[in-house]
Amino acid sequence: MNRKYAIGVDYGTQSGRAVLVDLSNGHEVADHVTPYAHHVIDERLPHSGEALEADWALQHPLDYIEVLTTSIPEVMKQSGIDPADVIGIGIDFTACTMLPITELHEPLCTLPAYQDNPHSWVKLWKHHAAQDEANLINEMAAKRGEKWLARYGGKISSEWMLAKIWQILNEAPEIYEAADQFVEATDWVISQLTGQITRNSCTAGYKAIWHKQDGYPSEAFLASLDPRLEKLADTKLRGDIVPLGTKAGELNEKLAALTGLRPGIAVAVGNVDAHAAVPAVGVVTPGKLVMAMGTSICHMLLGDEEKEVEGMCGVVEDGIIPGFYGYEAGQSAVGDIFEWYVDEAVPAYVKEEAAQAGVSVHEWLEGKAALQQPGQSGLLALDWWNGNRSTLVDTDLTGLLLGCTLLTKPEEIYRALLESTAYGTRKIVDAFRSSGVAVDTLYACGGLPQKNRLLMQIYADVTNMEIRVADSKHTPAVGAAMFAAVAAGPEAGGYATIVEAAENMARVREEALRPNPEHAAVYEELYQEYVTLHDYFGRGGNDVMKRLKNLKKHY
Ligand SMILES: Nc1ncnc2c1ncn2[C@@H]1O[C@H](COP(=O)(O)OP(=O)(O)O)[C@@H](O)[C@H]1O
Ligand SMILES: O=C(CO)[C@@H](O)[C@@H](O)COP(=O)(O)O
């Protein structure tokens, strides 16, 4: 039999990428990236140009289709593979990235009647403007003793489905009414490939408070938030919820023609980016923390038992790999903080010197920062440029840089920002361990491990742990292709289970990053200072960040 292949499509924050994967060994035969034409919409609405309020982050759903119709034909062309040998397609997405759709599955924002209403658009995962709703959900859930709250580290995030839907209801009831369903973008793209909505258990479990045995929060709870939400689960979130690796359907004629694939091939149910990456680095057992490192970091871990961990995003049975409890925690800005610094705060001379040296500003700063020793700059930062997603779960917290003097250099600030994100990860590792969930080894994948060696060494030193790095360029996409192989099944040349797919296809580099003991000792001291600042500004010692944010609201 000919070699068989699957397509994995990874939808990130700034772009989508398709990868054609060899199912015999997980090799990425060809890949192609399509940046989103409309980028992240966080300042002005397309068409009307209306200014968006603070903390909004939207996307254009047709950018997602463009990824399919541009990147898939491109990988097919590059590889020269016969479409008859491609047996399936799988996708992974940022989450909770959600949108309101009509009965015909049209995004409301694509219809002239709704396009000028910001609530008709896709709310991206990092849309943080539903914090008031999230606070009320948490208050009410705690008051009523809702048992699901503990599964989400004691707090629901403003990033999640219920907070976002409730914000729509509060601020644009006409959009709430017009929406036939609210869906995760990952499920919407699958509906475009197959013709029907199939909701996946991963986004439902982590982002929409759905539980395998108990379903969604009760009608009584939803009604206690707002009587108009009482029937939400059975109406606008309706439909069966199926496990990862399930075949959602078959590729329809329309998308087959637009992508150059054969109609009828298996389409796997949607998945989340970070979750798809776990089997792709070969992690199918507990104790191995996988960090999907890009714009943000998601920390994924398997466990044998369901434990309560402060501020984790969630624990979902079978949420990552069947047979285990899947834990998720995360930092809502990592690469985004470095990008902010490079775009908004470096002096002109740095840009000029980087251009003269023929390197990017990131690379220039990394090179200079690598010459510094831990503690040498006298700087310490809190990594809350986009709020705190674990362990405090509070999007009203902001960033902090301490220790600047008239001699502080840009590369020192850059290094302090890299370090701050490593301390954020260490805090998450500590939270898991103190709740009895083992973390023995770190695995890293995503864009950052390939882009910044210094960053990765700092993570090894700050956590004092070895890091295994993925040997794939687009790890979540390889994971999505693995789930496509499972959806296609062995009869088509795929696999029976994701564990079997991982045994054959997962890849990590031979060489692991090892901590430098001298650096680790200095970082231990610096980390304790970070913890002091973290608790002072994050646990009510001084709510100055919130007071400043409130003042800002007057402008
Ligand atoms: N050399 C670099 N060092 C550190 N961060 C970088 C570097 N180059 C780009 N970045 C950051 O990487 C992030 C994008 O990560 P990537 O994994 O490619 O995308 P996504 O999060 O969309 O999946 C951006 O936030 C950008 O600032
Ligand atoms: O929150 C999740 C997954 O649960 C991510 O989709 C989100 O952090 C965005 O990931 P990226 O940083 O764009 O890779």
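Owing to the predicted nature of the structure, the values given are computational and were not obtained by experimental measurement.

Asks: Tell me about the overall build of the chain, residues and numbers included.
Replies: Counting its regular elements, the chain contains 19 helices and 22 strands. Compactness check: the chain gives a C-alpha radius of gyration of 23 Å against a globular reference of 24 Å for 555 residues, within 12% of the reference. Overall, the C-alpha framework of the chain stretches about 65 × 55 × 50 Å when taken along its three principal axes. The buried share of the chain, taken over its 555 residues, is 62%. In the chain, the proportion of contacts linking residues at least 24 apart, taken out of those at least 6 apart, comes to 74%. Per element, the accessible surface of the chain, about 21,000 Å² overall, is 50% carbon and sulfur. Of the charged side chains in the chain, 46 are positive and 76 negative, and the gap between their average positions amounts to 1 Å.

Asks: Any details on the packing of aromatic side chains? Residues and values, ideally.
Replies: Applying the stated rule across the entire model yields 16 aromatic pairs. A centroid spacing of 4.8 Å and a plane angle of 90° characterise the contact between Tyr64 and Phe93, whose relative ring orientation is edge-to-face. Taken together, the residues span a long stretch of sequence, with Tyr64 in helix H1 (residues 61-79) and Phe93 in strand S5 (residues 86-93) at a distance of 29 residues. With respect to class, Tyr64 is no different from Phe93; both count as buried. Between the NZ or CZ atom of Lys236 and the centre of the ring of Tyr176, over which it lies, the distance is 4.9 Å.

Asks: I'd love a proper account of the layout of surface pockets, names of residues and values included.
Replies: Approximately 1,500 Å³ is the volume found for the largest pocket. Residue lining of the largest pocket: 39 residues in total, with Asp42, Ala54, Asp55, Trp56 and Asn386 positioned closest to the centre. Looking at the lining of the largest pocket, the elements that each hand over two or more residues are helix H2 (131-144), helix H3 (161-171), helix H10 (335-344) and helix H19 (544-552). Looking at the lining of the largest pocket residue by residue, the classes come out as 13 nonpolar, ten polar and 16 charged. By volume, the second largest pocket is sized at about 930 Å³. Along its surface, the second largest pocket is lined by 39 residues, and Met293, Gly294, Thr295, Gly447 and Lys451 are the ones closest to its centre. Listed by contribution, the elements that provide at least two residues to the lining of the second largest pocket are strand S2 (15-22), helix H9 (273-280), strand S14 (288-293), H10, helix H12 (361-369) and helix H14 (447-451). The class makeup of the residues in the lining of the second largest pocket is twelve nonpolar, 16 polar and eleven charged.

Asks: Break down the packing of H10 against helix H13 (residues 410-434) for me, citing the residues and quoting the values.
Replies: Axis angle and axis distance: for two packed helices, these are the angle between their axes and the distance between the axes, and together they describe the pair. It is the contact of H10 with H13, at a shortest axis distance of 10 Å, that shows an interaxial angle of 165°. What the angle tells us is that H10 and H13 run roughly antiparallel. Judged by the twist between their axes, the crossing of H10 over H13 is right-handed. On H13, the residues touching Ile337, Phe338, Tyr341 and Val342 of H10 are Pro410, Ile413, Tyr414, Leu417, Leu418 and Thr421. Of the residues that constitute the contact of H10 with H13, the class distribution is nine nonpolar, one polar and no charged.

Asks: If you had to explain the pattern of salt bridges to someone new, which residues and values would you point to?
Replies: In total, this model carries 29 salt bridges according to the counting rule given. Where Asp336 meets Lys126, a salt bridge forms, and the shortest distance between an N and an O atom there is 2.8 Å. Residue Asp336 is located in helix H10, and its partner Lys126 is located in the loop between strand S7 (122-123) and H2; the two are separated by 210 residues in the primary sequence. On the basis of relative accessibility, which here comes to 14%, the residue Lys126 falls in the buried class. Arg539 is the partner of Asp535 in a salt bridge, and the nearest nitrogen-oxygen pair spans 3.0 Å. Relative accessible area serves as the criterion here: at 40%, Arg539 is assigned to the partly exposed category. Because the salt bridges share partners, they merge into one network encompassing Glu28, Asp471 and Arg507.

Asks: Now, about the UniProt feature "domain: Carbohydrate kinase FGGY N-terminal" (unreviewed entry) in the chain: what can you tell me, with residues and values included?
Replies: The sites that UniProt annotates as "domain: Carbohydrate kinase FGGY N-terminal" (unreviewed entry) are residues 5-277. Secondary structure content for residues 5-277 is 32% helix and 21% strand, and the end C-alpha separation is 18 Å.

Asks: An account of the site of ligand 2 is requested, with residue identities and associated values reported.
Replies: The environment of ligand 2 is formed by 13 residues, the closest being Thr13, Lys207, Ser296, Glu328 and Arg389. In this structure, an oxygen atom belonging to ligand 2 sits 3.0 Å away from a main-chain N or O atom of Ala95. Within the contact set of ligand 2, an oxygen atom lies 2.9 Å away from a side-chain nitrogen or oxygen of Arg389. Compared with its free state, where it exposes 380 Å², ligand 2 has 92% of that area covered by protein. Judged by the fraction of its atoms near the pocket grid, ligand 2 is located in the second largest pocket.

Asks: I'd like to hear about the pairing of S2, residue by residue, with values.
Replies: Across the eight residues of S2, eight count as buried, placing the element largely inside the fold. What you see with S2 is no split at all: Ser15, Arg17, Val19 and Val21 on one side and Gly16, Ala18, Leu20 and Asp22 on the other are buried throughout. Where strand S1 (residues 5-11) folds back on S2, the antiparallel hairpin that results is connected by three residues. Note: S2 against strand S3 (residues 28-35), seven bridges, orientation antiparallel. Looking at the pairing, Leu20 lines up with Ala30 of S3. Here S2 folds back onto S3, and the loop between the two strands holds five residues, one of which, Gly26, carries a positive phi near 75°.

Asks: I'd like to hear about the site of ligand 1, residue by residue, with values.
Replies: Close to ligand 1 lie 17 residues, the nearest being Thr295, Gly335, Gly447, Lys451 and Asn452. Separating a nitrogen atom of ligand 1 from a side-chain N or O atom of Tyr414 is a distance of 3.4 Å. Burial of ligand 1 by the surrounding chains reaches 85%, relative to a free accessible area of 580 Å². Mapping ligand 1 onto the cavity grids shows that it belongs to the second largest pocket. Contributing elements (two or more residues each) for the shell around ligand 1: H10 and H14. Counting residues per element, the shell around ligand 1 draws most heavily on H10, at four residues.

Rules used in this analysis
- Residues numbered from 1 in each chain as written.
- Chains lettered and ligands numbered in written order.
- Predicted model: local features only at pLDDT ≥ 70, side-chain atom pairs only at ≥ 80, totals over all residues.
- Heavy atoms only, no water.
- Helix = DSSP H or I, 4+ residues; strand = E, 2+ residues; numbered from the N terminus.
- Rg over C-alpha atoms; globule rule 2.2 N^0.38 Å.
- Buried < 20%, exposed > 50% of the residue type's maximum accessible area, 1.4 Å probe, protein only.
- Contact = heavy atoms within 4.5 Å.
- Areas by Shrake-Rupley, 256 points an atom, 1.4 Å probe, with all protein chains shown as cover.
- Lys, Arg positive; Asp, Glu negative; His and termini not counted.
- Charge placed at Lys NZ, Arg CZ, Asp CG, Glu CD.
- Phe/Tyr/Trp six-rings, centres within 6.5 Å; stacked < 30°, edge-to-face > 60°.
- Lys NZ or Arg CZ within 6 Å of the ring centre and 35° of its normal.
- 1 Å grid on protein atoms, 1.4 Å probe; cavity = no way out; pocket = protein on both sides within 12 Å on 5 of 7 lines; lining within 4 Å.
- Points joined across faces, edges and corners; volume = space filled by probe spheres on them.
- Nonpolar A, V, L, I, M, F, W, Y, C, P; charged D, E, K, R; others polar.
- Axes fitted to C-alpha atoms, helices over the stretch in contact; angles between N-to-C directions.
- Parallel < 35°, antiparallel > 145°, perpendicular 65-115°, else oblique.
- Left-handed = near helix turned anticlockwise from the far one by under 90°.
- Salt bridge = Lys/Arg side-chain N within 4 Å of Asp/Glu carboxyl O.
- UniProt positions renumbered as here; feature names shortened; annotations may be inferred.
- Near = heavy atom within 4 Å.
- Polar contact = N/O pair within 3.5 Å; in protein donor to acceptor, adjacent residues only side chain to side chain.
- Sits in = over half its atoms within 2 Å of the grid points.
- Pairing = 2+ DSSP bridges.

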